Amino acid sequence: MDSRLISSPSSAPKPKLLDQVRQAIRTRHYSYRTEKAYIHWIKRFIFFHDKRHPTEMGEAEIGRFLSSLATDRHVSASTQNQALNALLFLYHEVLDKEVGYVNGVVRAKRPHRLPVVLTRQEVRSILDQLQGLEWIMAMLLYGAGLRLMECLRLRVKDMDFGYRQILVRDGKGGKDRVTMLPGPVIEPLQAHLVRVKALHERDLIDGCGDVELPDALARKYPRAPYEWGWKFVFPSYRRSVDPRTGAIRRHHLYENYLIRGVKQAARAAGITKHVSCHTLRHSFATHLLAGGYDIRTVQELLGHSDVSTTMVYTHVLNKGGRGVKSPLDSGGTGQPPVARDVTAEYRA
């Protein structure tokens, strides 16, 4: 046989840099969101240095780029750390090049922020403004302490109505955990799943009834993507193209669906606090602690690795500044404060 017809592995063209990054990320089973973020920062790093190839650069160039993010772009500390992680992944995992200590980096300051927590009445007023799927999902965020993406990625098989619990798969940090299934949401959720199953059966008839599975489960169990138990509890209204495989299938709802709904509900309820979907999770943890539940139990329900993360919610309990009475409240002035008409200045 003619040797020219035999292609050697060395003759195959080497993938482009960003394709190598994508392959390395997918080999390690990182999420698609992480993939997009890392690709974004690597592109910005390359363009910042006038399209020089990363192999020609090192610690000094990384330091200048990170410092520029803090001084010129005024990014947060978490954003700067994400950019650093993306570049370290590029050099360590793709280019196989060791990067030493990056000197002279102007680090963005990480402020100590306390979570925004709603009162029970404020939570109730927000939920009263929601309907349909938005109401069900918001009930799960507050009633079960779910993160937004954990709620959107719920599978039918992880809803245990018998034990009234939810199995959260592959949460933050790749951890599984069990949390409660709130009683008031059970009946509406079951009615919703009846409609979702009918939608799934129509997709099967149309030949688009499979669903994305984690890791290599689709290869190990070829029929699993078509099974009802693996379907998303909150599927999208439309089919879409999977950005990684090109398959046409029904993914879960887009996150902005609930983000926008919760913000609009907070405005309609007249709440001036900065309310997001995560605020409902903060309120879940705080209200449990205020109700006397053990902090270790709350830590397990939230999926925190360290109890110190959970302890931030104790700021709203009767401790610290809230446990101290103001001198005006204690009557330390001898006379009660005189009521004043403070609107006179505005009338003037």
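Residues numbered from 1 in each chain as written. Predicted model: local features only at pLDDT ≥ 70, side-chain atom pairs only at ≥ 80, totals over all residues. Heavy atoms only, no water.

### Structural notes on the packing of helix 2 (residues 32-48) against helix 4 (residues 77-94)
Packing of helix 2 against helix 4 brings their axes to within 9 Å, and their N-to-C directions diverge by 85 degrees. Taken together, the axes of helix 2 and helix 4 lie roughly perpendicular to each other. Where helix 2 approaches helix 4, its residues Ala-37, Tyr-38, Trp-41, Ile-42 and Phe-45 are matched on the opposing element by Thr-79, Gln-82, Ala-83, Asn-85, Ala-86, Leu-87, Phe-89, Leu-90 and Tyr-91. Here the residues of the contact of helix 2 with helix 4 are counted per class, giving 11 nonpolar, 3 polar and no charged. (Axes fitted to C-alpha atoms, helices over the stretch in contact; angles between N-to-C directions. Helix = DSSP H or I, 4+ residues; strand = E, 2+ residues; numbered from the N terminus. Parallel < 35°, antiparallel > 145°, perpendicular 65-115°, else oblique. Contact = heavy atoms within 4.5 Å. Nonpolar A, V, L, I, M, F, W, Y, C, P; charged D, E, K, R; others polar.)

### A short note on the packing of aromatic side chains
We describe a pair of aromatic rings using the distance from one ring centre to the other and the angle between the two ring planes. Evaluation of the coordinates by the stated rule reveals 6 aromatic pairs. Summarising the aromatic geometry, the rings of Tyr-38 and Phe-89 are spaced 5.6 Å apart at their centres and angled 55 degrees between planes, so their arrangement reads as tilted. Taken as a pair, Tyr-38 in helix 2 and Phe-89 in helix 4 lie far apart in primary sequence, 51 residues in all. Judged by relative accessible area, which is 7%, Phe-89 ranks as buried. (Phe/Tyr/Trp six-rings, centres within 6.5 Å; stacked < 30°, edge-to-face > 60°. Buried < 20%, exposed > 50% of the residue type's maximum accessible area, 1.4 Å probe, protein only.)

### Focus on the side chain of Glu-122
On the secondary structure map, Glu-122 appears in helix 5 (residues 120-128). Among the polar contacts listed, one links the side chain of Glu-122 to the backbone nitrogen of Thr-119, at a separation of 2.9 Å. Apart from the residues lying within four places of it in its own chain, the contact partners of Glu-122 are Val-117, Ile-271 and Lys-273. (Polar contact = N/O pair within 3.5 Å; in protein donor to acceptor, adjacent residues only side chain to side chain.)

### Notes on the sheet that holds strand 2 (residues 165-168)
Each strand in a sheet pairs with its neighbour through backbone hydrogen bonds, running either in the same direction (parallel) or in the opposite one (antiparallel). The strand order 1-2-3 describes an open sheet built from 3 strands, whose pairing is antiparallel. Strand pairing shows two members of the sheet lacking a second neighbour, strand 1 (159-160) and strand 3 (177-180), which therefore form its edges. Pairing of strand 1 with strand 2 involves 2 bridges; the strand directions are antiparallel. Bridge assignment links Asp-160 to a residue of strand 2, and that residue is Gln-165. (Pairing = 2+ DSSP bridges.)

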